[in-house]
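Residues per chain, in single letters:
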Amino acid sequence: VWLDLRIVFHSICLGFLLVITATDLASLYIPNFVVNWGLIVAISGAFASGELQMAHLWVDWNVEIPGLVGPYIPDWIKGHPHWHALGWSIVGACVGWVLIAVVRKIAEFALGRPAMGAGDVTLMAMIGAFLGWQPTVIAFFIAPVLALTLGPLARRVSKEVAVPYGPFLALGAIIPSFFDFSN
């Protein structure tokens, strides 16, 4: 039943992302209470189910034979799915947070002024908690491509000098949500 509830889980994530996108476009601000609730829902939902992850925290692809045998999944994951899901969600949140925090610091150093808000960092942590670390890395690399192509449109919609980056992080997170990383 948890595999069917994965759709509900990701729909909740999509709801949070839509609220954050609308707010960021309107005010260049990502509300912390929305992101914090998203983190709570993602981590507690993952732990409660044990089966909402898109990809396992760790697998060994060396033993896979396409069409015959899938990758090796360690016994501790099979024996403790709730703890695995908790670890999966927390690691995803940490990876998302670290990726954007590093980029934020490098950009601030290079430009001499803040180039990205703290809300973008916490948003990426929330995305990581919902998706896990592998899709979060993919979303991280998709977001700047989207920002370069759709940035002028976002700037026109928001009527601000700065380009809000939260909508591109959100859209970058939605794209890998439609792929199956479990095999």
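Here the structure is a predicted model, which means the values were calculated and not measured.

Some points on the overall build of the chain
(1) Moving on: The number of helices and strands found in the chain is seven helices and zero strands.
(2) Moving on: In sequence order, the chain lays out its α and β elements as α-α-α-α-α-α-α.
(3) Moving on: Taken over the C-alpha trace, the chain has a radius of gyration of 17 Å; the compact-globule value for 183 residues is 16 Å, and the two agree within 12%.
(4) Moving on: With the C-alpha coordinates aligned to their principal axes, the bounding extent of the chain is approximately 55 × 30 × 25 Å.
(5) Moving on: Taken over 183 residues, the chain has a buried fraction of 41%.
(6) Moving on: In the chain, the share of contacts with a sequence separation of at least 24, taken over all contacts with a separation of at least 6, comes to 73%.
(7) Moving on: With an accessible surface of roughly 10,000 Å², the chain has 72% of that area assigned to carbon and sulfur atoms.
(8) Moving on: Side-chain charges in the chain split into 8 positive and 10 negative, and the spacing between the mean points of these groups amounts to 16 Å.

A word on the layout of surface pockets
(1) Moving on: Space inside the largest pocket adds up to approximately 550 Å³.
(2) Moving on: The wall of the largest pocket is formed by 26 residues, among which Ala115, Met116, Asp120, Val163 and Tyr165 lie closest to the centre.
(3) Moving on: Taken together, the elements giving at least two residues each to the lining of the largest pocket come down to helix 4 (81-111), helix 5 (118-131) and helix 6 (133-158).
(4) Moving on: A per-element tally of the lining of the largest pocket places helix 6 first, with five residues.

Some words on the side chain of Ser89
(1) Moving on: Among the structural elements, Ser89 can be located in helix 4.
(2) Moving on: In contact with Ser89, not counting residues within four places along its chain, are Ala42, Ile43, Ala46, Gly128 and Ala129.

Here's the deal with the environment of Lys159
(1) Moving on: Relative to the helices and strands, Lys159 resides in the loop between helix 6 and helix 7 (166-177).
(2) Moving on: Through-space distance from the C-alpha of Lys159 to that of Leu5 is 38 Å; in sequence the pair is 154 residues apart.

Section: a nonpolar patch on the surface
(1) Moving on: Together, Leu150, Leu153, Val157, Leu171, Ile175, Phe178 and Phe179 give the surface a local cluster of nonpolar side chains, amounting to about 680 Å² of exposed area.
(2) Moving on: For Phe178, the position within the fold is in the segment after helix 7.
(3) Moving on: By relative accessible area, which is 71% here, Phe178 ends up exposed.

Rules behind the numbers
- Residues numbered from 1 in each chain as written.
- Predicted model: local features only at pLDDT ≥ 70, side-chain atom pairs only at ≥ 80, totals over all residues.
- Heavy atoms only, no water.
- Helix = DSSP H or I, 4+ residues; strand = E, 2+ residues; numbered from the N terminus.
- Rg over C-alpha atoms; globule rule 2.2 N^0.38 Å.
- Buried < 20%, exposed > 50% of the residue type's maximum accessible area, 1.4 Å probe, protein only.
- Contact = heavy atoms within 4.5 Å.
- Areas by Shrake-Rupley, 256 points an atom, 1.4 Å probe, with all protein chains shown as cover.
- Lys, Arg positive; Asp, Glu negative; His and termini not counted.
- Charge placed at Lys NZ, Arg CZ, Asp CG, Glu CD.
- 1 Å grid on protein atoms, 1.4 Å probe; cavity = no way out; pocket = protein on both sides within 12 Å on 5 of 7 lines; lining within 4 Å.
- Points joined across faces, edges and corners; volume = space filled by probe spheres on them.
- Patch = residues over 30% accessible without salt bridge, like charges linked within 9 Å, V, L, I, M, F, W, Y side chains within 5 Å.
- Salt bridge = Lys/Arg side-chain N within 4 Å of Asp/Glu carboxyl O.

On their own, these measurements won't tell you what the molecule is for.
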